[in-house]
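# An overview of the molecular structure
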Amino acid sequence: MFVATTVNHTSPNLETAALIALLRAPGARWQQIADDVEEAGSARQVLDRGPTGEQASMFGEGAASEDLTAHIADLGAWAREGMSVLTVLDADYPENLRTVYDRPPLIFVAGDLCPEDSRSVAVVGTRRPTGDGITRARRIAHHLAASGYTVASGLATGIDTTAHTAALEVGGRTVAVIGTGLRRAYPRENAGLQARIAKEGAVISQFLPDAPPTRRSFPMRNGVMSGLALATVVVEAGEISGSRMQARLALQHNRPVFLLRSLLEHDWAASMERRPGVYVVDEPEQITEAIQRLTSTALPTA
Amino acid sequence: MATVGELSDPYANFMRTPRRGASCCATCMTFVEPAYQRCYLCSSNQRWLTAVLPISYAERSGQLHTNLAGYKRWPPAIAARTRLQLAAVLWRFLLGHESCLATAAEIDRFDLVTTVPSSDAARDEHHPLRTIVGQIAEPTRDRYERVLRRSTIAVEERGGDPRRFTAVRSLAGERVLLIDDTWTTGARAQTAAAALLAAGASTVAALVIGRFINPKYADNAARLAEVPRTFSWEMCGLHAP
């Protein structure tokens, strides 16, 4: 069985369990854990080092071989429900996400991420869209899907729901990044869409499967969505919005941000327009043209 | 095909022009106590470089530091994309500020451009920094030559032993621009300069993309917080206010 007698450092299952143990420890700092684990190339090793700093003396040297049995049992249960776990140690951890400084140490996935999802574009916006907003979101999602991009969004009501469904209705790929654990659906009325995206695309969460929605979880989710995508497109969003937050994070992540011209009536968008890496667009084609230029392997020109 | 401007633009969102003057090391621009002119490493190790210019501070685990480590080990597609971006950053910065570094080194121009070899001999065979400097960046590619190799003498990895590298040819009188991605202790760049001078170079100055800053060290976090979170291509560490 899995009792920790001989520990195989190369066993992916034990590595994932060790990472879960690190994340469940009180006061765990995710970014630090991701950095440490990637640097060591092993979560077991980081776990065996034990708590650092002040806490170290309380646990002594032997706290090292923490029993992973419970975490391994959880992994098994999650797998039986169709959830997989990808950690920064896994080769198939999404490559765009790997390159952002605050990448989550692991993500839970319902459905299947495929290599083509590295060509994802996030389309986000308000929960209370206007008719024009919905029309624009649909056109953008249709164009992205038709151009072979995966449409990423946050499975919220409004623009997010429109973006996901528009991608699906033209047979495109869509990926949802949610702010709760995968066992939950928020808002509840999107449970059906969540199940459909899990079946036809992928639903991603950086939170443990039972995690409830919190004030902090949604902005954190926006960071992961930004990291997962090549670029973020903001369709319609007010002064206080997750979409505005995501645009800000995308710039910190070295990702371009596309603002629809109609957004410029808002002060936040008018001031963000002046930041480097921000594009104001009128037509969906302008988005894919810019992304193509920015991801081309051709030598740049002066 | 993107322009250098478009590829480098987004870096201004997370790069930060290093400071010069009081409370910053006169050599590598890291933070020091006001009583000191140089940081501990720059004052205790021998300084072979005439001038050093980092494009930006690179805070540990910040986006620039992540990219500077990642372009050497990420999956091929994303590494290639990052390599082009870093080349664009170097290209644009050199167009604006190579002359600032030359002036600081008291010369009018650099004759030769080279890079610091990787600490890992196997990895050095395909070092992406050589592609950036020697093949992509227009301001450097025509003057680039791989003149440094690791010597066969074993030296302490973080120390200042000038025997670490050796030049493959005589550099009589040449003025050399040495480029590296990250300055951490400065030991590698300084010893690379030692090898170039030993081969006859008349002067060596270094340009690095990121001056690594560990926010957990001393009061670095507070000091970093004082540096504006803005970056202008018009400004460099040698002319920062």
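The structure we're discussing is the one just above.
A brief structural summary.

It is worth spelling out the overall build of chain B at this point. For chain B, the count of helices and strands is nine helices and six strands. Since a compact globule built from 241 residues should have a radius of gyration of about 18 Å, the 17 Å found for chain B is in line with a globular shape. For chain B, the C-alpha atoms occupy an extent of roughly 50 × 45 × 35 Å along the three principal directions. Counting all 241 residues of chain B, 59% fall into the buried class. In chain B, of all internal contacts separated by at least 6 residues, the share reaching a separation of at least 24 is 76%. With the model as given, the accessible surface of chain B reaches about 10,000 Å², and the carbon-plus-sulfur share is 49%. Of the charged side chains in chain B, 29 are positive and 23 negative, and the gap between their average positions amounts to 4 Å.

Moving on, we come to the interface of chain A and chain B. Contact residues are listed per partner, giving 31 residues for chain A and 31 residues for chain B. Across the interface of chain A and chain B, roughly 2,800 Å² is buried in total on both sides, 52% from carbon and sulfur atoms. When the buried area of chain A at its contact with chain B is split by residue, A:T99, A:N254 and A:P300 rank highest and sum to 23% of it. Along the contact surface separating chain A from chain B lie two salt bridges. Between B:R73 and A:E38 there is a salt bridge; the shortest N-O distance is 3.9 Å. Counting across the chain A and chain B interface gives 13 residue pairs in polar contact (both at pLDDT 80 or more). When contributions to the side of chain A that touches chain B are tallied by element, the ones reaching two or more residues are helix 2 (30-40), helix 6 (95-98), helix 11 (242-252) and helix 13 (284-295) of chain A. In terms of residue count, helix 2 of chain A provides more of the side of chain A that touches chain B than any other element does, six residues in total. Looking at the side of chain A that touches chain B, its residues break down into eleven nonpolar, twelve polar and eight charged.

Moving on: the pairing of strand 1 (residues 83-87) of chain A. Sheet faces and side chains relate simply in a regular strand, where the side chains alternate between the two faces. Residues and elements named next belong to chain A. Summarising burial for strand 1: four of the five residues are buried, a large majority. Where strand 1 meets strand 2 (residues 106-111), five bridges bridge the pair, whose relative direction is antiparallel. For V85, the partnering residue across the bridge sits in strand 2 and is F108.

Residue and element names in this part refer to chain A. Its location among the elements puts V109 in strand 2. Relative accessible area serves as the criterion here: at 2%, V109 is assigned to the buried category. The spacing of V109 and G242 is 133 residues in sequence and 22 Å in space, taken between C-alpha atoms. Excluding its chain neighbours within four sequence positions, the residues that come into contact with V109 are G82, M83, S84, L86, L182, A202, V203 and I204.

Further remarks concern the sheet that holds strand 2 (residues 112-115) of chain B. Residue and element names in this part refer to chain B. The strand order across the open sheet formed by four strands is 1-6-5-2, and the pairing between neighbours is parallel. At either margin of the open sheet sits one strand with a lone partner, and together these are strand 1 (51-59) and strand 2. The sheet shows a mean angle of 15° between the axes of neighbouring strands, direction not considered. The sheet contact formed by strand 1 and strand 6 (residues 203-213) spans eight bridges and is parallel.

Scoring rules and cut-offs
Residues numbered from 1 in each chain as written. Chains lettered and ligands numbered in written order. Predicted model: local features only at pLDDT ≥ 70, side-chain atom pairs only at ≥ 80, totals over all residues. Heavy atoms only, no water. Helix = DSSP H or I, 4+ residues; strand = E, 2+ residues; numbered from the N terminus. Rg over C-alpha atoms; globule rule 2.2 N^0.38 Å. Buried < 20%, exposed > 50% of the residue type's maximum accessible area, 1.4 Å probe, protein only. Contact = heavy atoms within 4.5 Å. Areas by Shrake-Rupley, 256 points an atom, 1.4 Å probe, with all protein chains shown as cover. Lys, Arg positive; Asp, Glu negative; His and termini not counted. Charge placed at Lys NZ, Arg CZ, Asp CG, Glu CD. Buried area = accessible area lost by both parts, 1.4 Å probe. Salt bridge = Lys/Arg side-chain N within 4 Å of Asp/Glu carboxyl O. Polar contact = N/O pair within 3.5 Å; in protein donor to acceptor, adjacent residues only side chain to side chain. Nonpolar A, V, L, I, M, F, W, Y, C, P; charged D, E, K, R; others polar. Pairing = 2+ DSSP bridges. Axes fitted to C-alpha atoms, helices over the stretch in contact; angles between N-to-C directions.

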